[in-house]
Amino acid sequence: MGARPLLNRRLASMGTTIFAEMSALATATGSINLGQGFPDTDGPAEVREAAVRALREGRGNQYPPGPGVPELRQAIAEHQQRFHGLTYDPDTEVLVTAGATEAIAAALLALLEPGDEVIAFEPFYDSYAACIAMAGAVRRPLTLRAPDFRPDLDELRALITPRTRLLLINTPHNPTGLVLTPDELAGIARLAVEHDLLVVTDEVYEHLVFSGGHHPLAALPGMFERTVAISSAGKTFSFTGWKVGWVTAAPELVAAVRTAKQYLTYVSAGPFQYAVAEALRLPDEYFASFRADLRRKRDLLADGLTAAGFRVFNPQGTYFITTDITPLGEKDGLEFCRALPERCGVVAIPNVVFYDNTEAGRSLVRFTFCKQDSVLEEAVARLGRL
Ligand SMILES: Cc1ncc(COP(=O)(O)O)c(C=O)c1O
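Just so it is clear, the model here is predicted, and its values are computed rather than measured. By convention here, each chain's residues receive numbers from 1 onward along its written sequence. Local features are withheld for residues below a pLDDT of 70 in this predicted model, meaning they are given only at 70 or higher, and side-chain atom pairs are given and counted only at 80 or more; totals for whole chains, interfaces and linings count all residues. Side-chain measures here rest on the full set of heavy atoms in the structure, leaving out hydrogens and waters.

Chemist: Is there a simple way to think about the site of the ligand in this case?
Modeler: Every residue close to the ligand is listed here: Gly99, Ala100, Thr101, Tyr125, Asn170, Asn174, Asp202, Val204, Tyr205, Ser232, Lys235 and Lys243. Contact distances for the ligand include 2.5 Å between an oxygen atom and a side-chain N or O atom of Thr101. Notes on the ligand: free accessible area 400 Å², of which the protein chains cover 92%. Numbering of helices and strands starts at the N terminus; helices are DSSP runs of H or I of at least 4 residues and strands are runs of E of at least 2. The element best represented in the shell around the ligand is helix α4 (residues 99–111), accounting for three residues. Definition of nearness: a residue and a molecule or strand are near each other if at least one heavy atom of the residue lies within 4 Å of the molecule or strand. Counting of polar contacts relies on pairs of N or O atoms within 3.5 Å, with two restrictions inside protein: one atom must be capable of donating a hydrogen and the other of accepting it, and residues adjacent in sequence are counted only when both atoms are side-chain atoms. Note on areas: Shrake-Rupley with a 1.4 Å probe; residue coverage comes only from the protein chains shown.

Chemist: In this structure, what is going on with the sheet that holds strand β13 (residues 364–368)? I would like to understand it.
Modeler: What links the strands of a sheet is backbone hydrogen bonding, and the strands pair in either a parallel or an antiparallel sense. At least two bridges found by DSSP between two strands are what make those strands a pair. Taken in spatial order, the four strands make up an open sheet running β9-β10-β13-β12, and their pairing is antiparallel. Of all the strands in the sheet, just β9 (311–313) and β12 (349–350) have a single pairing partner and so form its edges. In the sheet, β9 pairs with strand β10 (residues 320–324) via three bridges, with the strands oriented antiparallel. From the neighbouring strand, Arg311 faces β10, where its bridge partner is Asp324. Residues are treated as being in contact if the distance between any of their heavy atoms lies within 4.5 Å. Note on definitions: angles span 0 to 180 degrees between N-to-C directions of axes, and those axes are lines fitted to C-alpha atoms, for helices only across the stretch in contact. Of the strands in this sheet, β12 and β13 touch helix α12 (residues 333–344), which is tilted by about 40° from β13.

Chemist: Got a minute to help me understand the packing of helix α1 (residues 18–29) against α12 in this structure?
Modeler: Two packed helices can be described by the angle between their axes and the distance between those axes. The N-to-C vectors of α1 and α12 enclose an angle of 20°; their axes lie 9 Å apart at closest approach. Considered as vectors, α1 and α12 are oriented roughly parallel to each other. Residues Ile18, Glu21, Met22, Leu25 and Thr29 of α1 form the contact with α12, whose own contacting residues are Leu334, Cys337, Arg338, Pro341 and Glu342. Following the grouping adopted for this structure description, the nonpolar residues are Ala, Val, Leu, Ile, Met, Phe, Trp, Tyr, Cys and Pro, the charged ones are Asp, Glu, Lys and Arg, and the polar ones are all others, Gly among them. Looking at the contact of α1 with α12 residue by residue, the class counts come to six nonpolar, one polar and three charged. Convention used here: angles under 35 degrees read as roughly parallel, angles over 145 as roughly antiparallel, angles from 65 to 115 as roughly perpendicular, and any remaining angle as oblique.

Chemist: Any chance you could explain the pairing of strand β3 (residues 117–122) here in plain terms?
Modeler: One face of the sheet, then the other: side chains in a regular strand alternate in exactly this way. Only protein chains enter the accessibility calculation, which uses a 1.4 Å probe; a residue whose area is less than 20% of its type maximum is buried, one above 50% is exposed, and one in between is partly exposed. Burial analysis of β3 places six of its six residues in the buried class, which makes it a mostly covered element. Where burial is concerned, the two faces of β3 agree: the one with Glu117, Ile119 and Phe121 and the one with Val118, Ala120 and Glu122 are both buried. Two strands pair when backbone bridges link them, and β3 and strand β4 (residues 138–143) are joined in this way by six bridges, in the parallel orientation. Residue Val118 lies in a different strand from β4, and its bridge partner there is Arg139. Examined bridge by bridge, β3 and strand β5 (residues 164–170) share four bridges and lie parallel to one another. By the bridge assignment for β5, Ile119 is matched with Leu167.

Chemist: Quick question: what am I supposed to make of a nonpolar patch on the surface here?
Modeler: A cluster of nonpolar side chains, contributed by Leu109, Met134 and Leu264, occupies part of the molecular surface with about 240 Å² of accessible area. Secondary-structure assignment places Leu109 in helix α4. Within the patch definition used here, like charges are joined within 9 Å and nonpolar side chains (Val, Leu, Ile, Met, Phe, Trp, Tyr) within 5 Å, considering only residues with over 30% relative accessible area and no salt bridge. By convention in these notes, a salt bridge is any Lys or Arg side-chain nitrogen within 4 Å of a carboxyl oxygen on Asp or Glu.

Chemist: How do you make sense of the sheet that holds strand β2 (residues 94–97) when you look at a structure like this?
Modeler: Strand order in the open sheet made by the seven strands is β2-β8-β7-β6-β5-β3-β4, with mixed pairing throughout. Two strands in the sheet have a free side with no partner beyond their single neighbour: β2 and β4. Taking the axes of each pair of neighbouring strands and ignoring which way they run, one obtains an average angle of 20° across the sheet. Packed on one face of the sheet, α4 meets β2, β5, β6 (198–202), β7 (227–232) and β8 (245–248) and runs near 160° to β7.

Chemist: Explain helix α10 (residues 270–280) here, please?
Modeler: Since there are 3.6 residues in each turn of an α-helix, residues three or four apart along the chain are aligned in direction. In terms of burial, α10 is largely enclosed, as nine of its eleven residues are buried. When we look at burial in α10, the residues that qualify are Gly270, Pro271, Gln273, Tyr274, Ala275, Val276, Ala277, Ala279 and Leu280. Elements in contact with the buried residues of α10: α2 (45–56), α3 (70–84), β2, α8 (233–236), β8 and α11 (284–307).

Chemist: Before we go on, may I ask you to explain the packing of aromatic side chains in this structure?
Modeler: Aromatic rings considered in pairs are described by the distance between their centres and by the relative angle of their planes. Between rings of Phe, Tyr and Trp, where Trp is taken as its six-membered ring, a pair exists when centres lie within 6.5 Å; planes separated by under 30 degrees are stacked, by over 60 edge-to-face, and by other angles tilted. Applying the stated criterion to the full structure yields 18 aromatic pairs. Ring centres of Phe310 and Phe336 lie 6.0 Å apart, and the angle between their planes is 80°; this geometry places the pair in the edge-to-face category. Of this pair, Phe310 sits in the loop between α11 and β9 while Phe336 sits in helix α12, and the two are 26 residues apart along the sequence. By the burial criterion, Phe310 is buried, and Phe336 matches it. Members of the aromatic cluster, connected to one another through ring pairs, are Phe83, Phe237, Tyr286, Phe287 and Phe290. By the criterion adopted, a ring carries a charge over it if an Arg CZ or a Lys NZ lies within 6 Å of its centre and within 35 degrees of its normal. Its end group placed over the ring of Tyr274, Arg59 keeps NZ or CZ at 4.8 Å from the ring centre. The cationic tip of Arg366 hangs over the ring face of Phe320; the distance from NZ or CZ to the ring centre is 3.6 Å.

Chemist: Where do I start with the pairing of β13 in this structure?
Modeler: Among the five residues that make up β13, five are buried, leaving the element largely enclosed by the rest of the structure. Residues Leu364, Arg366 and Thr368 point to one face of β13 and Val365 and Phe367 to the other, with burial holding for every one of them. Here five bridges tie β10 to β13, and the two strands are oriented antiparallel to one another. Bridging across to β13, Thr322 finds its partner in Arg366. Pairing of β12 with β13 involves two bridges; the strand directions are antiparallel. Looking at the pairing, Pro350 lines up with Val365 of β13.

Chemist: Quick question: what am I supposed to make of the nonpolar core here?
Modeler: For soluble globular proteins, nonpolar side chains are generally found buried alongside one another. Formed by 97 residues in total, the largest nonpolar core has its most connected members in Val228 and Phe367. Here this core gets eight residues from one element, more than from any other, and that element is α4. Delimitation of the domains relies on an automatic or database domain assignment. Shared between two domains, this core takes at least three residues from each, and those domains are domain 1 (18–43 + 285–383) and domain 2 (45–279). The residues touching Phe367, leaving out its near neighbours within four places in the chain, are Leu34, Leu301, Leu305, Phe310, Tyr319, Phe320, Ile321, Thr323, Leu340, Val346, Ala348 and Leu383. Among the nonpolar cores identified, the runner-up in size contains 23 residues, and Phe121, Leu167, Phe313 and Leu364 belong to it. Among buried residues, the Ala, Val, Leu, Ile, Met, Phe, Trp, Tyr and Cys ones that are joined through side-chain atoms within 4.5 Å form a nonpolar core.

Note that every value here comes from positions in space, so none of it alone points to a role or purpose.
This is how it looks when you write it as structure tokens:
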């Protein structure tokens with residue numbers, strides 16, 4: 001094929017995702033996988049049964065409507081009202097996607113011109129850099145720094161240039177566990193309005209905030225018309241394999257994202273959409289006990305990691321804990337994570353791969369706690385032998 005590389009220049013630096021590398025290492029070494037964020041127990045049985053029923057009854061077995069089945073769009077609108085007081089029209093302001101991943105891709109591909117600048121917190125969720133690159137846009141990181149990972153809004157202001165088109169905001173934030181406060185959100189909103197920026201918010205951990213609650217940016221003055229809010233059923237209902245996500249936004253924004261989405265997947269898994277509609281209508285107790293359960297697991301893992309000698313940055317949200325390995329006499333998170341399965345049979349993720357400014361993340365390592373207590377206890381016992 002000649003000298004020209006097969007993979008195009010926009011994706012040349014992307015390589016294999018760290019999750020594939022580390023999950024393969026977990027399998028090869030029989031290690032406990034606290035790397036990739038997927039639960040080891042499925043979500044509510046009644047939601048799973050709703051999917052089976054939809055399959056049997058032939059609902060969604062053929063192409064569902066492009067924007068998503070009406071039952072799910074209605075349930076998403078009700079959920080936004082019930083939990084966030086936000087009113088969306090299910091027909092024009094809601095779009096169902098193949099997970100949040102497709103929503104992020106479709107939003108960025110729809111809204112960006114080549115050369116536009118996108119400001120996002122780093123460490124980034126790994127699909128952000130790839131999607132910004134696929135759109136031909138340029139990423140500008142706002143570095144979140146240990147120990148508290150709070151964004152510096154003066155630094156954010158300084159990053160905005162005439163080419164800035166979009167802010168990509170993730171709260172609760174993976175991997176740091178940062179949850180933006182109402183004041184920080186108000187500061188970000190003021191900058192977005194002042195500079196007339198679009199905002200894409202990734203809120204997939206909206207139901208995993210351990211104190212203070214989740215506050216959507218779209219609710220703030222001047223934000224509804226410029227914000228594409230994204231969430232997903234995967235994390236909230238522990239069905240990460242179903243890949244049902246959604247966008248809520250003003251009609252013009254939804255129409256733009258839908259244009260890109262229809263040529264990516266056209267539609268996503270039909271029967272699961274009916275099941276997720278039922279999941280979103282679960283009583284408040286489901287959401288409260290899901291959160292309480294994960295809070296307990298967070299404490300279990302945080303205590304174990306502290307006892308094992310890690311410096312633990314306690315997360316306010318998500319199901320990840322970021323740690324610093326410096327107190328263990330280690331400096332390099334990537335080397336540490338590659339060796340960890342052999343050393344003690346545990347897999348973790350090196351945060352450095354989510355940074356452009358790699359110095360800020362070199363010694364940071366992420367563990368997930370969305371696993372059964374016995375698995376977390378065994379992982380902690382193994383890490384204690386380090
Ligand atoms: C911040 C963030 N956004 C998006 C996703 C992907 O969501 P989905 O599985 O719904 O595509 C994840 C999954 O880990 C995530 O952590």
